[in-house]
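Spelled out, the chains give:
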Amino acid sequence: MKTLVYYPLLLLLSIRIHTAKAQVVARVDSSEQAAVTVAAQRYYAATQADSHLLNGTEYVSRPKPYVQGSPFFLLPSPQPGSLRYDGFDFVAVPMLYDCHLDRVVVLPPSRAIALQLVPEKVASFTLGGHHFVRLTTDSVANPQVRTGFYDLLVDGPARLLARRTRKLSERPTQFGMEGYYDETIRYVLQRDTDYYVVSRLRDITAIFPTKKADLQRFARSRHLSFREEGRAASLTALVAYYNTLVR
């Protein structure tokens, strides 16, 4: 596995500094020569892999002045993140996640434009402390769980994921157009190759009937609430507890 920092310029500068020293000093210590070699190898590996990251298409965003909110996850400005793309791991990448288009957007320092990456080549990415994975599902058999990026909340024998989407709503008024981004979160439980949309305790106990009594006792002891404001934390705690029962 190759992990690459997305700013190979620092490595190139390191190479140039060592080269300049070699011209002044008659004999160069073997350890210094080894360091130069390693730096050069890392630089060439980074620039080679960099071309893999830069094979997306131009991302064009034209915000409408009357639309409130943003299509982006967490913040509307680029944040440093990491991702696995086209078989390579990248870190320190200025990036955005467009929840409306379900696209990962990067801002290469070597280009003046933003790029949206090819979705099928993005295996996973981390942004703002959230780890997203790409699921490829059968939308015909299960239309509620579509192929796309999901926020991985719990990993283990049972996985809990959140599908975060933002839908743009617009309408004309007597004062002109108005619009806003409406965010929805759908929670999905994955067991093996099966996916279930869940939102409450009995959704979970229906999937794991042999652990129903244990899950109910846990929910009561922790005073779990599955109303909208406490749903994410409660589902996360419940699924994490289930995983301790089956390990």
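What you see as residue numbers is a count from 1 along each chain, following the sequence as written. Thresholds applied to this predicted model are a pLDDT of at least 70 for local features of residues and 80 or more for the giving and counting of side-chain atom pairs; totals over whole chains, interfaces and linings are not thresholded and use all residues. Hydrogens and water molecules were not included; the side-chain quantities draw on all heavy atoms of the structure.

## Section: the packing of aromatic side chains
- Note on aromatic pairs: the rings of Phe, Tyr and Trp (six-membered ring only in Trp) are paired at centre separations within 6.5 Å, and the planes decide the class, stacked below 30 degrees, edge-to-face beyond 60, tilted for the rest. What the rule picks out here adds up to 10 aromatic pairs.
- Between the aromatic rings of Phe-73 and Phe-132, the centroid separation amounts to 5.2 Å while the plane-to-plane angle is 85°, which identifies the pairing as edge-to-face. On the criterion of sequence distance, the pair formed by Phe-73 in the loop between strand E3 (67-68) and strand E4 (79-85) and Phe-132 in strand E9 (residues 130-135) is long-range, its members being 59 residues apart. As far as burial versus exposure is concerned, Phe-73 and Phe-132 are alike and both buried.
- Relative to Tyr-241, the ring of Phe-218 has its centre 4.2 Å away and its plane inclined at 5°; by these criteria the two rings are stacked. By the criteria applied, helices consist of DSSP H or I runs no shorter than four residues and strands consist of E runs no shorter than two, each listed in order from the N terminus. Burial here depends on accessible area, computed with a 1.4 Å probe over protein chains only, as a share of the maximum for the residue type. Under 20% is buried, over 50% is exposed, and the range in between is partly exposed.

## What to know about helix H4 (residues 212-221)
- Among the residues of H4, those classed as buried are Leu-215, Phe-218 and Ala-219. Here the buried residues of H4 occupy an arc of 100° about the axis, which is enough to place them on one side.
- Buried residues belonging to H4 abut helix H3 (201-207) and helix H5 (231-246).
- Looking one or two residues past H4, His-223 carries a phi angle of roughly 55°, positive in sign. Arc definition: it is the arc formed by the directions from the helix axis to the C-beta atoms. Contacts between residues were defined by any pair of non-hydrogen atoms, one from each residue, lying within 4.5 Å.

## Observations regarding the layout of surface pockets
- Site definitions follow a grid-based scheme: protein atoms alone, a 1 Å grid, a 1.4 Å probe that fits but cannot get out for cavities, and for pockets an open set with protein on both sides within 12 Å along at least five of seven lines, plus lining residues having an atom within 4 Å of a point. Grid points are joined across faces, edges and corners, and a volume is the space filled by probe spheres set on the points. In this structure, the largest pocket encloses a volume near 290 Å³.
- What lines the largest pocket is a set of 16 residues, among which Ser-61, Arg-62, Pro-63, Pro-71 and Tyr-181 lie closest to the centre.
- Class assignment of the residues belonging to the lining of the largest pocket gives a composition of 9 nonpolar, 4 polar and 3 charged.
- Each pocket or cavity is described by its volume, and for the second largest pocket that value is around 250 Å³.
- Listing elements by their share of the lining of the second largest pocket, those giving two or more residues are strand E11 (158-173), strand E12 (176-191) and H5.
- Among the elements that line the lining of the second largest pocket, the one with the most residues is E12, at 4 residues.
- By residue class, the composition of the lining of the second largest pocket is 5 nonpolar, 2 polar and 5 charged. Just so you know the grouping, Ala, Val, Leu, Ile, Met, Phe, Trp, Tyr, Cys and Pro go in nonpolar, Asp, Glu, Lys and Arg go in charged, and all remaining residues, Gly too, go in polar.

## A short note on the packing of H4 against H5
- In this analysis, axes come from line fits to C-alpha atoms, helices being fitted only over the stretch in contact, and the angle between any two N-to-C directions falls in the range 0 to 180 degrees. H5 packs onto H4 with a crossing angle of 135° between their chain directions and a minimal axis gap of 10 Å. Taken together, H4 and H5 sit at an angle that is classed as oblique. By crossing handedness, the relation of H4 to H5 is classed as right-handed. Contacts between H4 and H5 involve Asp-214, Leu-215 and Phe-218 from the former and Ala-237, Leu-238, Tyr-241, Tyr-242 and Leu-245 from the latter.
- Of the residues that constitute the contact of H4 with H5, the class distribution is 7 nonpolar, no polar and 1 charged. By the definition adopted for this analysis, an angle is roughly parallel if under 35 degrees, roughly antiparallel if over 145, roughly perpendicular if from 65 to 115, and oblique otherwise. A clockwise turn of the near helix away from the far one marks a right-handed crossing, whereas an anticlockwise turn of less than a right angle marks a left-handed crossing.

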